[in-house]
Amino acid sequence: MDSPASGHRVTAQILRLNNGVEHVLLQNNQGAIARVCLKGAQVLSWKTPDGEELFFTSRKAILNSTVAVRGGISVCFPQYERRGILDRHGFARNRTWIIDNNQSWPPPNDSIGGAYVDLLLKPSEMDLRIWPHRFEYHLRLCLNSDGHLILLSRIRNVDCRPFSFTTAFHTYFSISNIRYAKLLTRKNKNQEGTCHDSHIKCIRNYKSVGSEVRIEGLEYQNYLDNLLAKVLFTDQGNAITFESEMDRIYVRTPDMVAILDHGKMRGFCIEKQGLPDVVVWNPWKKTARGMADFGNNEYERMVCVDGAAMKDPITLKPGEEWRGQLQYYLIQSTEPQFCNTNQLPVADVAPQFSNYNK
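For clarity, every value in this text was computed on a predicted model and none was experimentally measured.

**Q** Could you give an account of the side chain of Gln-42, naming the residues involved and the relevant values?
**A** Counting through the fold element by element, Gln-42 comes out in strand β4 (residues 42-47). Within the local environment of Gln-42, its side chain forms a polar contact with the backbone oxygen of Gly-71, the two atoms lying 2.8 Å apart. With residues up to four places along the chain from it excluded, the contact list for Gln-42 reads Arg-35, Val-36, Cys-37, Ala-68, Val-69, Gly-71, Ile-73 and Ser-74.

**Q** Lay out the sheet that holds strand β6 (residues 98-99) in plain terms, naming residues and giving numbers.
**A** Strand-to-strand pairing in sheets goes through backbone hydrogen bonds, with the strands running parallel or antiparallel. Taken in spatial order, the 8 strands line up as β6-β7-β8-β9-β21-β18-β17-β13 in an open sheet, and their pairing is antiparallel. Every other strand in the sheet has two partners, leaving β6 and β13 (213-216) as the edge strands with one partner each. Where β13 lies against strand β17 (residues 256-261), 4 bridges are found, and the strand directions are antiparallel. Bridge assignment links Ile-215 to a residue of β17, and that residue is Ile-259.

**Q** I'd like to hear about the environment of Val-231, residue by residue, with values.
**A** Relative to the assigned elements, Val-231 resides in strand β15 (residues 231-234). Val-231 sits 17 residues away from Arg-248 along the chain, and the two C-alpha atoms are 10.0 Å apart. Setting aside residues up to four positions removed in sequence, Val-231 forms contacts with Tyr-223, Leu-224 and Asp-225.

**Q** Now, about the environment of Ala-288: what can you tell me, with residues and values included?
**A** By the element assignment, Ala-288 lies in helix α2 (residues 284-289). Given the relative accessible area of 0%, Ala-288 is considered buried. Between the C-alpha atom of Ala-288 and that of Glu-298, which follows or precedes it by 10 residues, the distance is 7.7 Å. Leave out the neighbours within four places in its chain, and Ala-288 touches Pro-283, Phe-294, Gly-295, Asn-296 and Tyr-299.

**Q** So what about the packing of aromatic side chains? Which residues, and what values?
**A** A full pass over the atoms with the stated rule returns 24 aromatic pairs. Ring geometry for Phe-173 and Tyr-328: centres 5.8 Å apart, planes at 55 degrees, overall tilted. Of the two residues, Phe-173 is situated in strand β10 (residues 163-174) and Tyr-328 in strand β21 (residues 321-332); the sequence distance between them amounts to 155 residues. Note on accessibility: Phe-173 and Tyr-328 belong to one class, buried. Consider the rings of Trp-284 and Tyr-299, whose centres lie 5.1 Å apart with planes at 50 degrees: the pair is tilted. One end of the pair, Trp-284, is in helix α2; the other, Tyr-299, is in the loop between α2 and β20 (302-316), and 15 residues separate them in sequence. Grouped by ring-pair contacts, the aromatic residues Phe-77, Phe-91, Trp-97, Trp-131, Phe-135, Tyr-137, Phe-163, Phe-165 and Trp-322 constitute a single cluster. Sitting over the ring of Tyr-223, Arg-248 keeps its end group 4.3 Å from the ring centre.

**Q** I'd like to hear about the environment of Val-251, residue by residue, with values.
**A** Inspection of the secondary structure puts Val-251 in the loop between β16 (246-250) and β17. In this structure Val-251 comes out as buried when scored by relative accessible area, which is 5%. Put simply, Val-251 and Val-278 are 27 residues apart on the chain and 6.6 Å apart in space, counted from C-alpha to C-alpha. Those residues in contact with Val-251 that lie beyond four places of it in its chain are Gln-221, Asn-222, Leu-224, Pro-276, Asp-277 and Lys-311.

**Q** Go over the pattern of salt bridges, please, and point to the residues and values.
**A** Using the criterion set out here, one finds 13 salt bridges in the structure. Ionic pairing is found between Glu-321 and Arg-154, a salt bridge with its closest N-O pair at 3.3 Å. Remark: Arg-154 occurs in strand β9 (residues 149-157) and Glu-321 occurs in strand β21; sequence separation between them is 167 residues. By relative accessible area, which is 4% here, Arg-154 ends up buried. Connected through shared salt-bridge partners, Arg-154, Arg-156, Glu-321 and Arg-323 make up one network.

**Q** Go over the nonpolar core, please, and point to the residues and values.
**A** Grouped together as the largest cluster of nonpolar side chains are 71 residues, with contacts concentrated most on Tyr-137, Phe-169, Ile-215 and Tyr-328. If you tally residues by element for this core, the top one is β20, at 7 residues. Residues within four places of Ile-215 in sequence aside, it is in contact with Ala-239, Ile-240, Phe-242, Val-257, Ala-258, Ile-259, Val-280, Val-303 and Val-305. Counting 9 residues, the second largest nonpolar core, distinct from the first, contains Cys-76, Leu-224, Ile-249 and Met-310.

**Q** Describe the confidence of the model for the chain, naming the residues involved and giving the relevant values.
**A** The pLDDT averaged across the chain works out to 82; a share of 78% of its residues lies at or above 70. Across residues 1-9 the pLDDT falls below 50, and counting only partners more than four positions away or on other chains, this stretch makes 14 contacts in the model. Confidence over residues 181-211 falls short of pLDDT 50; this stretch has 84 contacts with residues more than four positions distant or in other chains.

**Q** Run through the pairing of β4, naming residues and quoting values.
**A** Most of β4 is tucked away, with 5 of its 6 residues classed as buried. The sheet contact formed by strand β3 (residues 33-37) and β4 spans 5 bridges and is antiparallel. Note on β4: the bridge partner recorded for Arg-35 is Ser-45. Hairpin connection of β3 to β4: 4 residues between the antiparallel strands, including Gly-40 at a positive phi of 85 degrees.

What counts and how
- Residues numbered from 1 in each chain as written.
- Predicted model: local features only at pLDDT ≥ 70, side-chain atom pairs only at ≥ 80, totals over all residues.
- Heavy atoms only, no water.
- Helix = DSSP H or I, 4+ residues; strand = E, 2+ residues; numbered from the N terminus.
- Polar contact = N/O pair within 3.5 Å; in protein donor to acceptor, adjacent residues only side chain to side chain.
- Contact = heavy atoms within 4.5 Å.
- Pairing = 2+ DSSP bridges.
- Buried < 20%, exposed > 50% of the residue type's maximum accessible area, 1.4 Å probe, protein only.
- Phe/Tyr/Trp six-rings, centres within 6.5 Å; stacked < 30°, edge-to-face > 60°.
- Lys NZ or Arg CZ within 6 Å of the ring centre and 35° of its normal.
- Salt bridge = Lys/Arg side-chain N within 4 Å of Asp/Glu carboxyl O.
- Core = buried A, V, L, I, M, F, W, Y, C linked by side-chain atoms within 4.5 Å.
- pLDDT = per-residue confidence, 0-100.

As C-alpha cells, then:
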C-alpha cells in the first residue's frame with residue numbers, strides 16, 4: 001500500500017462496513033476508484049473519475065459476507081466451477097484475506113499517481129481438511145494513474161508434495177443492454193482493418209444494425225460449451241453477440257479480448273498473462289429467474305468475461321510458483337463506430353512481472 005512518505009498523490013484507505021468486513025479503497029491521482037473486499041479479495045467496484053461504475057453488481061446480491069457477492073471480480077481458486085471435488089469455484093472467494101505488509105515484491109513500475117494493495121491467503125486447518133495442500137496466494141491489486149485495474153497473482157506451493165489447481169477471475173462487466181445485440185454487416189469485404197493487436201477487429205469496418213454488445217478477440221477459437229455437456233466446438237469467426245444463454249470456455253486463447261458496447265459508446269480491453277482460457281457467460285432470462293441473488297431481468301445489464309486457467313490444470317511441485325496477470329482498461333468514444341487503429345491504448349503489462357522477487 002502507499003505510504004504518506006512516498007509522495008505519490010494516491011490513497012489506499014481501509015474501510016470497515018456495518019457487517020464488520022473490511023474493504024480497501026484505492027484511488028489514483030485522477031479520482032478513479034476501486035474498492036476491494038478482504039472477504040474473498042473481491043473487487044466490488046471500479047469507477048471512472050466522474051463516478052461511472054464499470055462493474056455490475058446485482059441489486060439482490062447477498063452482502064452479509066456469508067457468500068461471494070454476485071458482481072465485481074470473484075477470485076476462483078483452487079477450483080473453477082464444479083470441475084473437482086470442492087464446492088463450486090473453490091474456497092478462496094469465501095475466505096478472509098489479509099493485507100500483506102512484508103513487501104514480498106517491489107512497488108509497481110507505474111506506481112506514481114496510482115494506488116495498490118498486496119493481499120495474502122494461506123489455507124486454514126479447515127481448508128486443509130477439504131483440500132490437503134499448503135500454499136501461499138499473493139494477490140496485488142493496482143489502480144494505476146491511467147485508471148487501469150491490474151491484478152497480479154502468485155501462487156506458491158509450500159507443501160512437500162505436488163498439487164494441481166484451476167483458477168479464474170469471474171468478472172461482471174456493466175453494459176448497456178445485451179438484448180439489443182444485432183447482427184452486423186461488413187461495409188466493405190475488402191476492408192479488414194485491425195487494431196494494434198491482430199486479434200481485435202476494428203468496428204470501423206462494420207455497419208451496426210442497432211445498439212449492440214459484442215466480444216472481439218475469440219474468433220476461430222475452440223471452446224467447450226457448458227450448456228451442451230462441455231462438447232468442444234470451434235468458433236466460426238464472427239464476433240460474439242448474444243441472443244440466448246451462453247456459458248462457454250474458450251481454450252488457449254489470445255492474450256487480449258475486448259467487450260465493445262455501442263449502447264454506452266465504450267468498451268473494455270482485457271489483457272492477460274498466464275491465463276490461457278476465457279470464460280464467456282450470460283445467464284439469460286430462464287436461468288436468471290432461478291438465481292436467488294440475481295434479479296430476473298438483470299442479465300440484460302451484465303456480461304461475464306473471465307481470464308482463467310481451467311482446461312488444463314496447473315501443477316506445482318514443492319517450491320514452485322505460478323504467476324498470472326490481468327489488466328482491465330476502458331475504451332471511450334462519442335462516435336458510433338468508435339474503434340480505430342489509434343484509439344485502443346497499447347497497455348504495457350509484461351514489465352509488471354520483471355520486478356518479482358523469487
